[in-house]
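Survey of secondary and tertiary structure
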Amino acid sequence: MKVDDCIFCKIAAGEIPSTNVFEDDVCVAFNDLSPQAPEHILIIPRDHIDSLDKADASNKAPLGHLLLTAAEIAREKGFAENGYRVVINTNSDGGQTVFHLHVHLLAGRPFVFPPG
Ligand code: AMP
Ligand code: ZN
């Protein structure tokens with residue numbers, strides 16, 4: 001389902017430009033506009049889900065698909081062995097700014113834990 005005024009729904013529909021690195025019938029992966037690491041890719045479901053907080057059992061398959069796609073992209077782009085970080089910011093304290101669920105895939109530098 002597409003939600004009006006959702007920027008990531010528009011990216012999934014090809015209505016606003018993005019630099020896509022992968023897409024299939026379930027998800028689209030594209031470079032983040034404001035990269036926080038040498039590699040910073042966002043992976044979104046084509047069907048709108050507000051956030052992880054709003055996901056339910058009906059979203060189980062696409063959620064699994066997003067994570068497996070992140071791992072596949074990491075292997076394809078050659079940074080899996082060095083390592084990477086996968087992040088799903090959720091709601092206000094989690095730092096979520098775009099309310100269409102997305103997985104951040106970050107790589108190309110070491111990351112500290114816990115994050116700030
Ligand atoms: P979050 O803060 O977890 O909701 O992440 C939203 C991310 O979307 C941020 O890293 C933004 O830089 C990124 N972003 C926002 N608009 C766009 C866009 N049009 N194309 C690519 N990335 C975007
Ligand atoms: Zn959306």
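Everything below is about the structure printed above this text.
Report follows, based on the coordinates.

In this structure, proline 114 follows phenylalanine 113 across a cis peptide bond, with omega equal to 0 degrees. Tracing the chain through its elements places proline 114 in the segment after β5 (103-107). Here aspartate 5, not a glycine, exhibits a phi torsion of approximately 70 degrees, which is positive. The exposure class of aspartate 5 is exposed, given its relative accessible area of 71%. Phi at asparagine 91 is positive, roughly 60 degrees, even though this residue is not glycine.

A separate point is the packing of aromatic side chains. Counting across every chain of the model gives two aromatic pairs. Centre to centre, the rings of phenylalanine 8 and phenylalanine 30 are 5.5 Å apart; their planes meet at 75 degrees, and the pair counts as edge-to-face. Of the two residues, phenylalanine 8 sits in helix α1 (residues 7-12) while phenylalanine 30 sits in strand β2 (residues 27-31), which places them 22 residues apart along the sequence. In terms of burial, phenylalanine 8 and phenylalanine 30 fall into one category: buried. For the pair phenylalanine 79 and tyrosine 84, a centre-to-centre distance of 6.2 Å together with 70 degrees between the ring planes defines the contact as edge-to-face.

Moving on to the nonpolar core. Ile41, Ile43, Leu66, Ile73 and Leu105 are the most contacted members of the largest nonpolar core, which totals 15 residues. Contributions of two or more residues to this core are made by β2, β3 (39-45), α2 (60-77) and β5. Top contributing element to this core by residue count: α2, with five residues. What leucine 66 contacts, discounting residues up to four positions off in sequence, is Cys27, Ile43, Ile44, Pro45, Leu101 and Val103. Listed in part, the nine residues of the second largest apolar core include Cys9, Ile11, Val28 and Leu42.

What counts, and where the lines are drawn
Residues numbered from 1 in each chain as written. Chains lettered and ligands numbered in written order. Predicted model: local features only at pLDDT ≥ 70, side-chain atom pairs only at ≥ 80, totals over all residues. Heavy atoms only, no water. Helix = DSSP H or I, 4+ residues; strand = E, 2+ residues; numbered from the N terminus. Buried < 20%, exposed > 50% of the residue type's maximum accessible area, 1.4 Å probe, protein only. Phe/Tyr/Trp six-rings, centres within 6.5 Å; stacked < 30°, edge-to-face > 60°. Core = buried A, V, L, I, M, F, W, Y, C linked by side-chain atoms within 4.5 Å. Contact = heavy atoms within 4.5 Å.

This is a description of form; function is not addressed.
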